[in-house]
4 protein chains.
Amino acid sequence: MSHTVREKQKLLNRVRRIRGQVEAVERALEAEAGCAEVMHLIAACRGAINGLLVEVLEDHIETHLTVREPLPDRDGPDAAGELIDIIRSYMK
Amino acid sequence: MSHTVREKQKLLNRVRRIRGQVEAVERALEAEAGCAEVMHLIAACRGAINGLLVEVLEDHIETHLTVREPLPDRDGPDAAGELIDIIRSYMK
Amino acid sequence: MSHTVREKQKLLNRVRRIRGQVEAVERALEAEAGCAEVMHLIAACRGAINGLLVEVLEDHIETHLTVREPLPDRDGPDAAGELIDIIRSYMK
Amino acid sequence: MSHTVREKQKLLNRVRRIRGQVEAVERALEAEAGCAEVMHLIAACRGAINGLLVEVLEDHIETHLTVREPLPDRDGPDAAGELIDIIRSYMK
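What this report covers is the structure whose coordinates are included nearby.

Rules used throughout
- Residues numbered from 1 in each chain as written.
- Chains lettered and ligands numbered in written order.
- Predicted model: local features only at pLDDT ≥ 70, side-chain atom pairs only at ≥ 80, totals over all residues.
- Heavy atoms only, no water.
- Helix = DSSP H or I, 4+ residues; strand = E, 2+ residues; numbered from the N terminus.
- Buried < 20%, exposed > 50% of the residue type's maximum accessible area, 1.4 Å probe, protein only.
- Contact = heavy atoms within 4.5 Å.
- Areas by Shrake-Rupley, 256 points an atom, 1.4 Å probe, with all protein chains shown as cover.
- Lys, Arg positive; Asp, Glu negative; His and termini not counted.
- Charge placed at Lys NZ, Arg CZ, Asp CG, Glu CD.
- Salt bridge = Lys/Arg side-chain N within 4 Å of Asp/Glu carboxyl O.
- Buried area = accessible area lost by both parts, 1.4 Å probe.
- Nonpolar A, V, L, I, M, F, W, Y, C, P; charged D, E, K, R; others polar.
- Pairing = 2+ DSSP bridges.
- Least-squares fit on C-alpha atoms with pLDDT ≥ 70 in both.
- Polar contact = N/O pair within 3.5 Å; in protein donor to acceptor, adjacent residues only side chain to side chain.
- 1 Å grid on protein atoms, 1.4 Å probe; cavity = no way out; pocket = protein on both sides within 12 Å on 5 of 7 lines; lining within 4 Å.
- Points joined across faces, edges and corners; volume = space filled by probe spheres on them.

### Looking at the overall build of chain A
Item 1. On a plain count of helices and strands, chain A comes out with 4 helices and 1 strand.
Item 2. Each helix (α) and strand (β) of chain A, taken in turn from the N terminus, gives the series α-α-α-β-α.
Item 3. If one aligns the C-alpha atoms of chain A with their principal axes, the spans along those axes are about 60 × 30 × 15 Å.
Item 4. Per-residue burial over chain A gives 53% buried out of 92 residues.
Item 5. Taking as baseline every contact in chain A between residues at least 6 positions apart, the subset at least 24 positions apart corresponds to 57%.
Item 6. Surface exposure of chain A reaches about 3900 Å², of which carbon and sulfur atoms provide 47%.
Item 7. Across chain A, the 13 positively charged side chains and the 16 negatively charged ones have centroids separated by 5 Å.

Structural data, given as structure tokens:
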């Protein structure tokens, strides 16, 4: 079963929260709120979408991929863990 | 008048399109679509939000800021134009 | 005087530190270090370059631009400050 | 053998080119070039580092990971290919 099916409820909750954040931008524009407020609301949406993408990529790696060739001589995270680490620090 | 008021209609159209894209992610999750499709839909939302933020930042610079000290000896864009250029290439 | 001239020494120090970080990637590749180490060194270079670009953009805004139309009814940062705020949170 | 060893020469060439780009920023600052030029040189370094990181992540995925659970009913790229696709579009 795909991870987006297995994690359906968790992901739906996140997406609905993001929809709420996009609607907040819409309401702020309609109410003619100040531009600083609008920009901060948009930046918050962006952060939330990035967080969702990172979460789905992590689930994707953990579900569909497995380590073929271990990293030599290591105590730290395995090859999949290292990948997730870099993705997380890049997209945060 | 703030740019988010002056450009209200244009920005509302963009935000509503983004809301539609977030709802497409929601529908794909509910329909248990494949994870590749879900990931591409999320990535598309992210691109659209980035595009909106760049647009609002450009309006912000053009509305609220003006050149105080021109760039020396130049034919190219002025100091505001150069800033927009870098922001656009960074956030694209 | 342009900000990259006024802040020359501070920026040169940062760029030289970045050069050192790039050379560390080079040395790690030559020494056939593990891929996890190489990836982390590259990610660190990327963070340092992003930090430098944000710094130069801030200097650019503060030097060359000035507020033409103040944000209405506000106690917070002015229009330039809000812009810097968003750029910083975006590029961090 | 780790991919950063196998691809050592290719990666060293890229890193040395990046070092050259960082040195170009250094020289521009020393020569008191205009700030627009400096900003564009820094933005170019950033693009080059991002490109290098994407390349190493791709090698990492292809070397160390393998598909454990195939994507259902698909003609397109496999689970590793989809991941690379998203990373590439995100970091480009």
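### Focus on the side chain of R46 of chain D
Item 1. Note on placement: R46 of chain D falls in helix α3 (residues 35-64).
Item 2. This buried residue, R46 of chain D, is left without a salt bridge; D85 of chain B holds the nearest opposite charge, at 13 Å.
Item 3. Beyond its immediate stretch of four places on either side in the chain, R46 of chain D contacts Y90 of chain B together with I49, N50 and L53 of chain C.

### Side note on the interface of chain C and chain B
Item 1. Tallying the contact residues gives 25 residues for chain C and 25 residues for chain B.
Item 2. Around 2300 Å² of area is buried between chain C and chain B when both sides are counted, 65% of it from carbon and sulfur atoms.
Item 3. Within the residue set of the side of chain C that touches chain B, elements represented by two or more residues are α3 (35-64), β1 (65-67) and α4 (79-91) of chain C.
Item 4. A class-by-class count of the residues in the side of chain C that touches chain B yields 15 nonpolar, 6 polar and 4 charged.
Item 5. As paired strands, strand β1 (residues 65-67) of chain B and β1 of chain C are joined by 3 bridges and run antiparallel to one another. Following the sheet pairing, V67 of chain B is matched in β1 of chain C by L65 of chain C.

### Points about the relation of the copies chain C and chain B
Put simply, the second copy of the chain is the first one after a rotation about an axis and a shift along it.
Item 1. Superposing chain C onto chain B takes a rotation of 180 degrees combined with a translation of 0.0 Å along the rotation axis, leaving an RMSD of 0.0 Å. As the rotation angle and translation indicate, the two copies are arranged about a two-fold axis.
Item 2. Counting the interface residues of chain C, we find that 100% of their copies in chain B are interface residues as well, pointing to one common contact surface.

### Some thoughts on the pattern of salt bridges
Item 1. Per the counting criterion, the structure on display carries 44 salt bridges over all chains.
Item 2. The closest approach of N and O atoms between E7 of chain A and K10 of chain A, which form a salt bridge, is 3.7 Å.
Item 3. Between R16 of chain B and E30 of chain A there is a salt bridge, and its shortest N-O distance comes to 2.7 Å. Of the two residues, R16 of chain B sits in helix α2 (residues 8-30) while E30 of chain A sits in helix α2 (residues 8-30), which places them in two different chains.
Item 4. Looking at R16 of chain B, the relative accessible area reads 31%, which means it is partly exposed.
Item 5. Its relative accessible area of 40% is what places E30 of chain A among the partly exposed residues.
Item 6. The structure contains a network of salt bridges with shared partners spanning R6, E7, K10, R14, E55 and D59 of chain A.

### Considering the relation of the copies chain B and chain A
Item 1. It takes a turn of 180 degrees to lay chain B on chain A, together with a shift of 0.0 Å along the axis; the resulting RMSD is 0.0 Å.
Item 2. In this assembly the copies share their binding face: 100% of the residues contributing to the interface of chain B also contribute to that of chain A.

### Focus: unusual backbone geometry
Item 1. The phi dihedral of E32 of chain A falls on the positive side, at around 55 degrees, and the residue is not glycine.
Item 2. Following the sequence through the fold, E32 of chain A ends up in the loop between α2 and α3 (35-64).

### Structural notes on the interface of chain B and chain A
When the parts of a complex come together, some accessible area is lost, and that lost area is often taken as the interface size.
Item 1. Residue-level contacts link 34 residues of chain B with 34 residues of chain A.
Item 2. Summing the contributions of chain B and of chain A, the shared interface buries around 3100 Å²; its carbon and sulfur component is 75%.
Item 3. When the buried area of chain B at its contact with chain A is split by residue, L29, M39 and I42 of chain B rank highest and sum to 18% of it.
Item 4. Between chain B and chain A we count 12 residue pairs in polar contact (both at pLDDT 80 or more) in total.
Item 5. Secondary structure elements with two or more residues in the side of chain B that touches chain A: α1 (3-6), α2 and α3 (35-64) of chain B.
Item 6. Top contributing element to the side of chain B that touches chain A by residue count: α3 of chain B, with 14 residues.
Item 7. A per-class count over the side of chain B that touches chain A returns 19 nonpolar, 7 polar and 8 charged.

### Examining empty space enclosed by the protein
Item 1. According to the stated counting rule, one finds 1 cavity of 30 Å³ or more in the structure shown.
Item 2. Elements that contribute at least two residues to the lining of the largest cavity include exactly α2 and α3 of chain A together with α2 and α3 of chain B.
Item 3. Counted by class, the lining of the largest cavity contains 8 nonpolar, no polar and no charged residues.

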